[in-house]
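Residue strings, one per chain:
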Amino acid sequence: MPRTIIEPFRIKSVEPIRWTTREERENLLRAAHYNLFLLPAADVLIDLLTDSGTGAMSTHQWAAVMEGDESYAGSKSFDRFRASIQDIFGYRHVIPTHQGRAAERILFGVTCKRGDVVPNNTHFDTTRANVEFVGAEAVDLVIPEGREPRTTHPFKGNMDVPALEQLIERVGRERVPLVMLTVTNNSGGGQPVSMENILQVSGVCRKNRIPLYFDACRFAENAYFIKLRENGYDCKTPKQIAQEMFSHGDGCTMSAKKDGMANTGGFLCTNDDLLAQHEKDLVVLTEGYPPSRGLAGRDLEAIAVGVQEALEEDYLRYRIASTAYLGNHIAEQGVPIVHPPGGHAIYLDARAFLPQIPTEQFPGVALAAELYLEGGIRSVEIGSLMFGAAAKMDLVRLAIPRRVYTQSHIDYVVEVILEVWKTRESIRGLKLTYEAPFLRHFTARLEPVGTETASAR
């Protein structure tokens, strides 16, 4: 069988991207205060900041968009959306939201109070922020291998089950309103969670009468990793595996901008009738009138098709292989990454890449800035800036949008990373000149260490 990775689709529309010079990028980066979130997208050549809402929709999705029923109440598009979600996730109540963080805000706003504790394998940025916003404590309980970038383990996203049991015993089950599993584990390198681990976590939750929820953003990729790596699943389809995964939980939050293959939207699911009513009441207040709530009919249609397409095996084979291609090519040249390569992204180990930069000088942000300077590539830091004292690693995530870039683009990214690797010893750290109280990485301003500034902290 040929070894060349080819995209399992044909391109019907193209969007031009603009080349910039290094001098232009130096000025642009300075104007953005060394925060790649503040860069104009038009000045980015290869945008790997996120895979959230940045994918290309299929012809079937665009056709479904034209079927969108924009009725204020009783929309047929909601009926099709709900049927598609329930086909995969199986939960009784499906509540659309304008994106994933809205689902998180509603879930934690209804279930959590000050003093509560929410365990997760690893909370991502908005998940942690929404837990902490209501006064609860977000606790990360990933297995020890998940905190070691160079350690190889097939399911580094697994939750540490003994640590979960110890936490519940220590704080008391009445302080744990729910347990959450993030699949795949984004903050830990896009690493999957095994079905065995899901069963074990579910067992602990059932024993203690605690609901188990999934952060399901990349559920299809997680299902495919189970098919590839876990005994007994090689003959099952990704859809069958996903259905089994969710059967062990009580609900989920979902950003449909990831494995929903859409540009906007999300949803919240639960099997709890009373909880669902409280959530729907809050949705009416903050998201919109039922049933469509925060989404237009056209977006509901795009998600209904997209969640099914995300489970197609040809697509998942290409998706996982192309990500691994990037990771393996740079790792072969000594570049330190999180092993093994994840599903949606490659994560550079910034602490190992730039050992001369201490964590308080944000090695991940410095490395991301250098990748932009060298080749116009935008990535994102996942480490000391994003998570502060809670950061266990300093990583740079190169998130690959779905169905957007070709193999030639990935080869270019490899070349740029290797050029930066050659000159890594000259890279300097950064210091903060402004930070917001929540989710500071979106709006933070920084400057190279040793630079005088009149900016207010």
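Residues numbered from 1 in each chain as written. Predicted model: local features only at pLDDT ≥ 70, side-chain atom pairs only at ≥ 80, totals over all residues. Heavy atoms only, no water.

Colleague: Explain the overall build of the chain to me, and be specific about the residues and the numbers.
Modeller: Counting secondary structure elements, the chain contains 16 helices and 14 strands. For the chain, whose C-alpha radius of gyration is 21 Å, the value lies close to the compact-globule estimate of 23 Å for 457 residues. Dimensions along the principal axes, computed over C-alpha positions, put the chain at roughly 60 × 55 × 45 Å. Per-residue burial for the chain yields a buried fraction of 59% across its 457 residues. Within the chain, counting contacts between residues at least 6 apart in sequence, those at least 24 apart form 72% of the total. Total accessible area on the chain is roughly 19,000 Å²; 51% of this is exposed by carbon and sulfur atoms. Across the chain, the 50 positively charged side chains and the 58 negatively charged ones have centroids separated by 2 Å. (Helix = DSSP H or I, 4+ residues; strand = E, 2+ residues; numbered from the N terminus. Rg over C-alpha atoms; globule rule 2.2 N^0.38 Å. Buried < 20%, exposed > 50% of the residue type's maximum accessible area, 1.4 Å probe, protein only. Contact = heavy atoms within 4.5 Å. Areas by Shrake-Rupley, 256 points an atom, 1.4 Å probe, with all protein chains shown as cover. Lys, Arg positive; Asp, Glu negative; His and termini not counted. Charge placed at Lys NZ, Arg CZ, Asp CG, Glu CD.)

Colleague: Account for empty space enclosed by the protein, with residues named and values stated.
Modeller: The probe, sized like a water molecule, is rolled over the atoms to show the empty space still left. For the coordinates displayed, the defined rule picks out 3 cavities of 30 Å³ or more. When its volume is computed, the largest cavity comes out at roughly 120 Å³. Residue lining of the largest cavity: 14 residues in total, with Asn-35, Leu-36, Val-365, Glu-381 and Leu-385 positioned closest to the centre. If you list the elements that add at least two residues to the lining of the largest cavity, you get helix H14 (363-375) and strand E11 (380-382). (1 Å grid on protein atoms, 1.4 Å probe; cavity = no way out; pocket = protein on both sides within 12 Å on 5 of 7 lines; lining within 4 Å. Points joined across faces, edges and corners; volume = space filled by probe spheres on them.)

Colleague: Please give an account of the packing of aromatic side chains that cites residues and values.
Modeller: Taken as a whole and assessed by the stated rule, the structure comprises 15 aromatic pairs. Relative to Phe-246, the ring of Tyr-91 has its centre 6.4 Å away and its plane inclined at 70°; by these criteria the two rings are edge-to-face. Of this pair, Tyr-91 sits in the loop between helix H3 (76-89) and strand E2 (93-97) while Phe-246 sits in helix H9 (residues 238-247), and the two are 155 residues apart along the sequence. On the basis of relative accessibility, which here comes to 2%, the residue Tyr-91 falls in the buried class. With centroids separated by 5.9 Å and ring planes inclined at 70°, the aromatic side chains of Phe-133 and Phe-438 adopt a geometry described as edge-to-face. You can see Phe-133 sitting in helix H5 (residues 125-133) and its partner Phe-438 sitting in the loop between strand E13 (430-434) and strand E14 (445-448), a full 305 residues away along the chain. Through a chain of ring-to-ring contacts, the aromatic side chains of Phe-78, Phe-81, Phe-89, Tyr-91, Phe-214, Phe-219, Phe-246 and Phe-267 assemble into a single cluster. It is Arg-424 that lies over the ring of Trp-421; its NZ or CZ is 3.6 Å from the centre. The lysine or arginine in question, Arg-445, covers the ring of Tyr-434, its NZ or CZ lying 5.7 Å from the ring centre. (Phe/Tyr/Trp six-rings, centres within 6.5 Å; stacked < 30°, edge-to-face > 60°. Lys NZ or Arg CZ within 6 Å of the ring centre and 35° of its normal.)

Fair warning: the whole summary comes from geometry, so function is off the table for now.
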